[in-house]
Amino acid sequence: MTTLLVTGGAGFIGCNFVRVALERTDARVVVLDKLTYAGSLENLRDVSDDARFQFVRADIADRTAVEQVFRDHTPTAVLNFAAESHVDRSIDGPDAFIHTNVVGTFVLLEVARHHVARLGASDRDRFRFLHVSTDEVYGSLGATGLFREDTPYAPNSPYSASKAGADHLVRAYFHTYGLATLTTNCSNNYGPYHFPEKMIPLMILNALDGERLPIYGDGRNVRDWLYVEDHCEGILAALERGRPGEKYNLGGNNERTNLEIVDRICSEIEKLVPAAGNEALRAKGIDAYTQLKTFVEDRPGHDRRYAIDARKARRELGWEPRHDLDSGLARTVEWFVANRDWCEAVQRGN
Ligand code: NAD
């Protein structure tokens, strides 16, 4: 029996991965999550009755609790999604980022290596520790070039520095202890269940409510957007076909400036909820969503451009994203328009 221990499974990407894993495999899925402001059982409501699903509330940095979960569930793989993930929050208060992203990953690695040492040879060979990381560890790009797996690390925010620290520990546990680790570094995700304070959901919800759409600096920072379901399929491919000790970059091949993203969101919303019929805009005398765009002071240390070279994942894992930005954004806007009650529930719970 395959048992996937999914840390951070009540968060945005983790909950999407839980659905993909339950749908595409016959594995048991055990979610371990602390339920911080970013995690919610609302994100797992539709899978909570599945006999192959279980939830445990715990902190990945709490060694006693993590050991108990390993004893209770004997995972055949760990997928580490748990993290403090919001760059702006890491600037305001980095402590939680070091606690969860660095110390938490260290605790998981320690418990996993002791767990593996107790397994028989075939279970040991089968065990995997997959660490989910970010392209932000590579720093910022100029107008050209792409992040490759061998691009030197140059993190610029407390968030990306804490993720870089975790990635190095994961690498070291492969080289020092022979733990079968894999690391995936992905670009910016978007899609259903994205926490409302992140850029894309924030823009969608503010536009629907007739609130301003705050754009950092000149709006020309570039990100490579990856639809969350595509990302989850890439993680599953890395788990099933990745070579231990390797890292894989997962990108969407969708480089856009923040301004382009906001404009696309405005035109997708216009199709579903025309501005002319939206009372929130009419009350303010506004007749187009784009009029809500407002430039605000730039984020300190704001990386200019991220872009991923995902050829290794295509070559070795046979993985490619299935959504381009237009189809992914259309699905995302549709989901948020149809799930205002979810947005209110997770914001109320925060
Ligand atoms: P998220 O903030 O939506 O979810 C994080 C989850 O981890 C939450 O459910 C939270 O409760 C849980 N958590 C936090 N601290 C914990 C702790 N100490 N113990 C147990 N659980 C804890 O994050 P996300 O956007 O889903 O990101 C998931 C992973 O993917 C993260 O590791 C992040 O660094 C990485 N990543 C995200 C993106 C993106 O665009 N969202 C891009 C690249 C990489």
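Quick caveat: nothing in here was measured; it's all calculated off a predicted structure.

Thresholds, definitions, all that
- Residues numbered from 1 in each chain as written.
- Predicted model: local features only at pLDDT ≥ 70, side-chain atom pairs only at ≥ 80, totals over all residues.
- Heavy atoms only, no water.
- Near = heavy atom within 4 Å.
- Polar contact = N/O pair within 3.5 Å; in protein donor to acceptor, adjacent residues only side chain to side chain.
- Areas by Shrake-Rupley, 256 points an atom, 1.4 Å probe, with all protein chains shown as cover.
- Salt bridge = Lys/Arg side-chain N within 4 Å of Asp/Glu carboxyl O.
- Buried < 20%, exposed > 50% of the residue type's maximum accessible area, 1.4 Å probe, protein only.
- Axes fitted to C-alpha atoms, helices over the stretch in contact; angles between N-to-C directions.
- Helix = DSSP H or I, 4+ residues; strand = E, 2+ residues; numbered from the N terminus.
- Parallel < 35°, antiparallel > 145°, perpendicular 65-115°, else oblique.
- Left-handed = near helix turned anticlockwise from the far one by under 90°.
- Contact = heavy atoms within 4.5 Å.
- Nonpolar A, V, L, I, M, F, W, Y, C, P; charged D, E, K, R; others polar.
- Expected span 1.5 Å × (residues − 1).
- Pairing = 2+ DSSP bridges.
- Phe/Tyr/Trp six-rings, centres within 6.5 Å; stacked < 30°, edge-to-face > 60°.
- Lys NZ or Arg CZ within 6 Å of the ring centre and 35° of its normal.

Colleague: Before we go on, may I ask you to explain the site of the ligand in this structure?
Modeller: Lining the immediate surroundings of the ligand are 28 residues, of which Ile13, Asp33, Ser85, Tyr159 and Lys163 lie closest. At 2.9 Å, a side-chain N or O of Asp59 approaches a nitrogen atom of the ligand. In the model, an oxygen atom of the ligand is placed 2.6 Å from a nitrogen or oxygen of the Tyr159 side chain. If the ligand stood free it would expose 840 Å²; the protein chains cover 97% of that surface.

Colleague: Got a minute to help me understand the pattern of salt bridges in this structure?
Modeller: It is possible for side chains of opposite charge to pair when their charged atoms get near one another. On inspection of all chains with the given rule, the structure shows 28 salt bridges. A salt bridge links Arg311 to Asp309; its shortest N-O distance comes to 2.8 Å. Of the residues examined, Asp309 reaches a relative accessible area of 8% and is grouped as buried. Connected via shared salt-bridge partners are Arg24, Glu229, Glu233 and Arg322.

Colleague: It is not clear to me how the packing of helix 7 (residues 199-208) against helix 12 (residues 325-338) should be interpreted in this structure. Could you clarify?
Modeller: Axes are the key here: two packed helices are described by the angle between their axes and the distance separating the axes. Contact pair helix 7 / helix 12: the axes reach a minimum separation of 10 Å and the direction vectors enclose 55°. By the angle class used here, helix 7 and helix 12 are oblique. Once helix 7 is placed against helix 12, the crossing between them reads as right-handed. For the pair formed by helix 7 and helix 12, the contact residues are Ile200, Pro201, Ile204, Leu205 and Leu208 on the first element and Leu329, Thr332, Val333, Phe336 and Val337 on the second. For the contact of helix 7 with helix 12, the residue count by class is nine nonpolar, one polar and no charged.

Colleague: How do you make sense of helix 1 (residues 12-24) when you look at a structure like this?
Modeller: In an α-helix, one turn spans 3.6 residues; hence positions three or four apart end up facing the same way. If you check helix 1, its first and last C-alpha atoms are 19 Å apart, about what 13 residues at 1.5 Å a residue would give, namely 18 Å. Across the 13 residues that make up helix 1, a large majority, eleven, are buried. Those residues of helix 1 that fall on the buried side of the exposure criterion are Phe12, Ile13, Gly14, Cys15, Asn16, Phe17, Val18, Arg19, Val20, Ala21 and Leu22.

Colleague: Please explain the sheet that holds strand 5 (residues 128-134) as it appears in this structure.
Modeller: In spatial order, the strands read 3-2-1-4-5-6-11; together these seven strands make up an open sheet with parallel pairing. Each edge of the sheet is formed by a strand with only one pairing partner; in this case those strands are strand 3 (53-57) and strand 11 (247-250). For this sheet, the mean inter-axis angle between neighbouring strands, taken without regard to orientation, is 20°. Two strands pair when backbone bridges link them, and strand 5 and strand 6 (residues 181-186) are joined in this way by six bridges, in the parallel orientation. The residue of strand 6 that forms the bridge with His131 is Thr183. Docked against the sheet, helix 2 (residues 63-73) engages strand 1 (3-7), strand 2 (28-33), strand 3 and strand 4 (77-80), running at close to 170° with respect to strand 2. Docked against the sheet, helix 6 (residues 158-177) engages strand 5 and strand 6, running at close to 155° with respect to strand 5.

Colleague: How do you make sense of the packing of aromatic side chains when you look at a structure like this?
Modeller: By the definition in use, this model includes 14 aromatic pairs. Between Phe147 and Tyr306 the ring centres are 6.1 Å apart and the planes differ by 45°, which places this aromatic pair in the tilted class. Placement of Phe147 in the loop between strand 5 and helix 6 and of Tyr306 in the loop between strand 13 (293-296) and helix 11 (311-317) is noted, with a sequence separation of 159 residues between them. On the basis of relative accessibility, which here comes to 1%, the residue Phe147 falls in the buried class. Between Trp335 and Phe336, the ring centres sit 5.0 Å apart and the planes meet at 80°, which makes this aromatic pair edge-to-face. A relative accessible area of 0% means that Phe336 is categorised as buried. Positioned above the aromatic ring of Tyr306, the side-chain terminus of Arg223 is 4.0 Å from the ring centre. Here the guanidinium or amino end of Lys312 rests over the ring plane of Tyr248, the centre of that ring lying 4.8 Å away.

Colleague: I tried to follow unusual backbone geometry on my own but got confused; where do I start?
Modeller: Glycine aside, the phi torsion of most residues is negative, and most peptide linkages are trans. For Thr74, which is not glycine, the phi torsion reads 40° and is therefore positive. Inspection of the secondary structure assignment puts Thr74 in the loop between helix 2 and strand 4. Phi is positive for Tyr193, close to 70°, though the residue is something other than glycine. By relative accessible area, which is 14% here, Tyr193 ends up buried.

Colleague: Sorry if this is basic, but what is going on with the side chain of Ser160 here?
Modeller: Mapped onto the elements, Ser160 comes out in helix 6. When near neighbours in sequence (up to four residues on either side) are disregarded, Ser160 contacts Glu136, Val137 and Pro155.

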